[in-house]
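# Observations on the model geometry
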Amino acid sequence: MQDFHLQGWTFRYDSHRTQEFYEAITLADTPFVRNFLENRDSFPAELSGLLQIFGASPLLPYELFPGVCDRVEQKGEYILYYPICGEALHPEGDPTYSIDLGTMQAHILSCHQIGLTDPFPGEFGFVLEIRLLLLPWKLTDVSMQEVYSPRRFSWKKKG
């Protein structure tokens, strides 16, 4: 185990076990994921560096979801989940559970909060949830509006 300190947090982690976890991940082939990968050259260095310290692969998040989108700027938010083998410890009794990474935020979650059970058998695990990562829409085969379209629900009347 190694230790890393950042903004009041102490991270005790195993980069080798984390790296093994990421070697087994493959991403789905969807327009949202393809656009994420098209932005690999503009992936923020501060986030990439932090994830690499822990042994996580920046371009292989465990899960990724669309957040808000700015149709004028043609940028969309990516919400990313990166499980890490180890513990995240905060000395204060009531921590904010977040770290500022430039324009982004990293929230510290338990693996169980995202439905990931026992990703590192015999070891503790935590998840870095990345929010406010805005990336430009680069794909031409599908529009951003199609991918970030508002969800539609249909209601049925009884009887």
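Residues numbered from 1 in each chain as written. Predicted model: local features only at pLDDT ≥ 70, side-chain atom pairs only at ≥ 80, totals over all residues. Heavy atoms only, no water.

### Things to note about the overall build of the chain
Threshold: Numbering goes from the N terminus for both helices and strands, where a helix is a DSSP run of H or I of at least four residues and a strand is a run of E of at least two. Note on exposure labels: buried denotes an accessible area under 20% of the residue type's maximum, exposed denotes more than 50%, and partly exposed covers the range between, all computed with a 1.4 Å probe on protein chains only.
Check the secondary structure of the chain and you find 4 helices and 7 strands. Secondary structure elements in the chain, listed N-terminal to C-terminal, are β-β-α-α-α-β-β-β-β-β-α. The dimensions of the chain, computed from C-alpha atoms along their principal axes, are 50 × 50 × 30 Å. In the chain, buried positions account for 41% of the 159 residues.

### Re the layout of surface pockets
To keep things clear, this is the line we draw: Points on a 1 Å grid over protein atoms alone make up a cavity when a 1.4 Å probe fits among them but cannot get out, and a pocket when they form an open set with protein on both sides within 12 Å along at least five of seven lines; lining residues each have an atom within 4 Å of a point. Grid points are joined across faces, edges and corners, and a volume is the space filled by probe spheres set on the points. Any residue that is not Ala, Val, Leu, Ile, Met, Phe, Trp, Tyr, Cys, Pro, Asp, Glu, Lys or Arg is counted as polar, Gly included; the first ten are nonpolar and the last four charged.
Roughly 160 Å³ of volume is contained in the largest pocket. Secondary structure elements with two or more residues in the lining of the largest pocket: β4 (75–89), β6 (104–110) and β7 (125–136). Looking at the lining of the largest pocket residue by residue, the class counts come to 8 nonpolar, 4 polar and 2 charged.

### Some words on the side chain of N35
Threshold: Polar contacts, as used here, are pairs of N or O atoms within 3.5 Å; protein pairs need one atom able to donate a hydrogen and one able to accept it. Residues neighboring in sequence count only if both atoms are side-chain atoms. Residue contacts are defined here by distance: any two heavy atoms, one from each residue, within 4.5 Å place the two residues in contact.
Here N35 is to be found in helix α2 (residues 31–38). Its relative accessible area of 0% is what places N35 among the buried residues. Of the polar contacts made by the side chain of N35, one reaches the side chain of Y78; its length is 3.2 Å. Ignoring any residue separated from it by four or fewer positions in sequence, one finds N35 in contact with Y78, P136, W137, K138 and L139.

### Thoughts on helix α3 (residues 45–54)
The criterion, for reference: In this description, one arc is meant: the one made by directions from the helix axis to the C-beta atoms.
Among the residues making up α3, those that are buried are L47, S48, L50, L51 and F54. Viewed end-on, α3 has its buried residues packed into an arc of 165°, placing them on one side of the element. Away from the buried face of α3 by more than 90 degrees, exposed residues A45 and Q52 are located.

### So, the environment of V147
Position of V147 among the secondary structure elements: in helix α4 (residues 144–147). As for V147 and F120, which are separated by 27 residues in sequence, their C-alpha atoms are 33 Å apart. With residues near it in sequence (within four places) discarded, V147 still touches P31, F32, W137 and V142.

### Observations regarding the nonpolar core
Note the following rule: Throughout, nonpolar core names a set of buried Ala, Val, Leu, Ile, Met, Phe, Trp, Tyr and Cys residues whose side chains join them through atoms within 4.5 Å.
Membership of the largest hydrophobic core comes to 44 residues, with the highest contact counts inside it found for Y78, L80, Y82, L128, I130 and L133. Listing elements by their share of this core, those giving two or more residues are β2 (9–13), α1 (15–23), α2, α3, β4, β5 (98–101), β6 and β7. Per element, the largest residue contribution to this core is 7 residues, and it comes from β4. Leave out the neighbours within four places in its chain, and L133 touches F43, P44, L47, G76, E77, Y78, L80 and M104.

### Examining the packing of aromatic side chains
Describing an aromatic ring pair means giving the distance of the ring centres and the angle of the ring planes. Just so we agree on the cut-off: Each aromatic pair joins two rings of Phe, Tyr and Trp (for Trp, the six-membered one) with centres within 6.5 Å, and gets the label stacked for planes under 30 degrees apart, edge-to-face for over 60, and tilted for any other angle.
Evaluation of the coordinates by the stated rule reveals 18 aromatic pairs. Ring geometry for F36 versus Y78: centroids 5.4 Å apart, planes at 40°, classification tilted. Here F36 is found in helix α2, whereas its partner Y78 is found in strand β4, with 42 residues between them in sequence. A ring pair is formed by F54 and F126, whose centres lie 5.9 Å apart and whose planes are at 85°; its orientation type is edge-to-face. You can see F54 sitting in helix α3 and its partner F126 sitting in strand β7, a full 72 residues away along the chain. Both residues of the pair, F54 and F126, belong to the buried class. Clustering of aromatic rings is evident, with ring pairs tying together F4, W9, F11, Y13, F54, Y97 and F126.

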